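Inside the fold
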Amino acid sequence: EPEVTQTPSHQVTQMGQEVILRCVPISNHLYFYWYRQILGQKVEFLVSFYNNEISEKSEIFDDQFSVERPDGSNFTLKIRSTKLEDSAMYFCASSRDYSTDTQYFGPGTRLTVL
Amino acid sequence: TQLLEQSPQFLSIQEGENLTVYCNSSSVFSSLQWYRQEPGEGPVLLVTVVTGGEVKKLKRLTFQFGDARKDSSLHITAAQPGDTGLYLCQDEGGADGLTFGKGTHLIIQP
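Just so we're clear, the structure is a prediction, and the values are computed from it rather than from any experiment. (Residues numbered from 1 in each chain as written. Chains lettered and ligands numbered in written order. Predicted model: local features only at pLDDT ≥ 70, side-chain atom pairs only at ≥ 80, totals over all residues. Heavy atoms only, no water.)

1. Description of the sheet that holds strand β1 (residues 5–7) of chain A
Residue and element names in this part refer to chain A. Quick reminder of the rule: Strand pairing is assigned whenever DSSP identifies at least 2 bridges connecting the two strands. Helix and strand labels come from DSSP, where a helix needs a run of H or I of at least four residues and a strand needs a run of E of at least two; each type is numbered from the N terminus. Every axis in this analysis is a line fitted to C-alpha atoms, fitted for helices over the stretch in contact. Angles between the N-to-C directions lie between 0 and 180 degrees.
Taken in spatial order, the four strands line up as β1-β3-β8-β7 in an open sheet, and their pairing is antiparallel. Two strands bound the open sheet, and with one partner strand each, they are β1 and β7 (65–68). With strand direction ignored, the average angle separating the axes of adjacent strands in the sheet is 20°.

Okay, here's the thing in structure tokens:
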């Protein structure tokens, strides 16, 4: 069964460093998403992406964040200058359609900012 | 700003018992999804409900969507230890994007 994959599973970085989190969505899906979940808190929407551009983004997704689909398979989330409060699980998801279609989540990348 | 309230926040029951958890929204859902999440893993979709009054069954799980599409419940019959997890509801079309509730932490004790 196709699944969303994410790498790395755990990333440790120093405050102020740039990180790139990688996702490979399900191959025939057209919509891609990033969420984060700070330890003990709820899953928060960051951004959705379709047709090589951002569809929606939340207040969390500020200028420090960017997303890209550099090739036909990868979908990346870049944090330019990490802060301590960026430490969280980051989940990628994909869906075939946007409105009522199922979102499939990856296993997540745990980002730890020291 | 849409608020999704899930209750109870924590629930611990014995194997074999029945339980119901709830998800309520401050505004009408566009479409409601229920997920189960285990520690360190991503949410796994259980069901999507779209139509007011809709009832969907998934083995021992029964999902009900309120007529006004502002509330939903998940009922588990004869709970098993494998049902343990964080149960999340999500609105795909919330005003702030794709909104999750805080979830119900469910523990089923053998």
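2. A closer look at the environment of Asp71(B)
Residue and element names in this part refer to chain B. The cut-off we apply is this: When a residue's accessible area, from a 1.4 Å probe over protein chains only, is under 20% of the maximum for its type it is buried; when over 50% it is exposed; and in between it is partly exposed. By definition in these notes, contact holds between two residues if any of their heavy atoms fall within 4.5 Å.
With respect to the element layout, Asp 71 can be found in strand β8 (residues 71–76). Classification of Asp 71 by relative accessible area gives partly exposed; the value is 32%. The sequence separation of Asp 71 and Ser 26 amounts to 45 residues, and the corresponding C-alpha distance is 9.1 Å. Excluding its chain neighbours within four sequence positions, the residues that come into contact with Asp 71 are Cys 23, Asn 24, Phe 29, Gln 64, Phe 65 and Gly 66.

3. Focus on the sheet that holds strand β6 (residues 55–58) of chain B
Residue and element names in this part refer to chain B. The strand order β1-β3-β8-β7-β6 describes an open sheet built from five strands, whose pairing is antiparallel. Edge strands, defined here as strands with exactly one partner in the open sheet, are β1 (4–7) and β6. Within the sheet, the average angular offset between the axes of one strand and its neighbour, ignoring direction, is 15°. Relative to strand β3 (residues 19–25), β1 is paired through four bridges, and the arrangement is antiparallel.

4. Observations concerning the state of the cysteines
Note the cut-off: In this description, a disulfide is simply a cysteine sulfur pair whose atoms lie within 2.5 Å.
What the rule picks out here adds up to two disulfides over all chains. Here Cys23(A) connects covalently by a disulfide to Cys92(A), the sulfurs 1.9 Å from one another. For the disulfide bridge between Cys23(A) and Cys92(A), the dihedral angle about the S-S bond is near -65°, and by the sign convention the bridge is left-handed. Taken together, the positions of Cys23(A) in strand β3 (residues 19–24) and Cys92(A) in strand β9 (residues 88–95) put the pair 69 residues apart, joining distant regions of the chain. By relative accessible area, Cys92(A) is classed as buried at 0%. A disulfide bridge connects Cys23(B) with Cys89(B), and the sulfur atoms are separated by 2.0 Å. Here the S-S torsion is close to 70°, and the disulfide linking Cys23(B) with Cys89(B) is therefore right-handed.

5. Observations regarding the nonpolar core
Grouped burial of nonpolar side chains is what soluble globular proteins tend to show. Formally: We define the nonpolar core as a collection of buried residues of types Ala, Val, Leu, Ile, Met, Phe, Trp, Tyr and Cys that are connected through side-chain atoms lying within 4.5 Å of one another.
Within the largest apolar cluster, 22 residues are counted, with the highest numbers of intra-cluster contacts made by Trp34(A), Leu46(A), Phe61(A), Val67(A), Phe75(A), Leu77(A) and Tyr90(A). Only β3, β4 (31–37), β5 (43–50), β7, β8 (75–79), β9 and β11 (109–113) of chain A provide two or more residues apiece to this core. Judged by nonpolar contacts, the second largest core, of 21 residues, contains Leu4(B), Cys23(B), Val47(B) and Phe63(B).

6. Some details on the interface of chain B and chain A
Put simply, the rule is: Buried area: the accessible surface (1.4 Å probe) lost by two parts on joining, summed over both. Salt bridge, as used here, is a side-chain nitrogen of Lys or Arg placed within 4 Å of a carboxyl oxygen of Asp or Glu. What qualifies as a polar contact is a pair of N or O atoms within 3.5 Å, subject to a donor-acceptor requirement within protein and to the restriction that residues adjacent in sequence count only when both atoms come from side chains. As a working rule, the residues Ala, Val, Leu, Ile, Met, Phe, Trp, Tyr, Cys and Pro are called nonpolar, Asp, Glu, Lys and Arg charged, and the rest polar, with Gly in that last group.
Between chain B and chain A, the contact holds 22 residues from the first and 18 residues from the second. Buried area between chain B and chain A, summed over both chains or domains, comes out near 1500 Å², and the portion from carbon and sulfur atoms is 55%. If you sort the residues of chain B by the area they bury against chain A, Glu92(B), Leu98(B) and Phe100(B) come out on top, with a joint share of 36%. The interface formed by chain B and chain A contains zero salt bridges. Taken together, the links from chain B to chain A amount to three residue pairs in polar contact (both at pLDDT 80 or more). If you list the elements that add at least two residues to the side of chain B that touches chain A, you get β4 (32–37), β5 (44–49), β9 (85–94) and β10 (97–100) of chain B. Counted by class, the side of chain B that touches chain A contains eight nonpolar, 10 polar and four charged residues.

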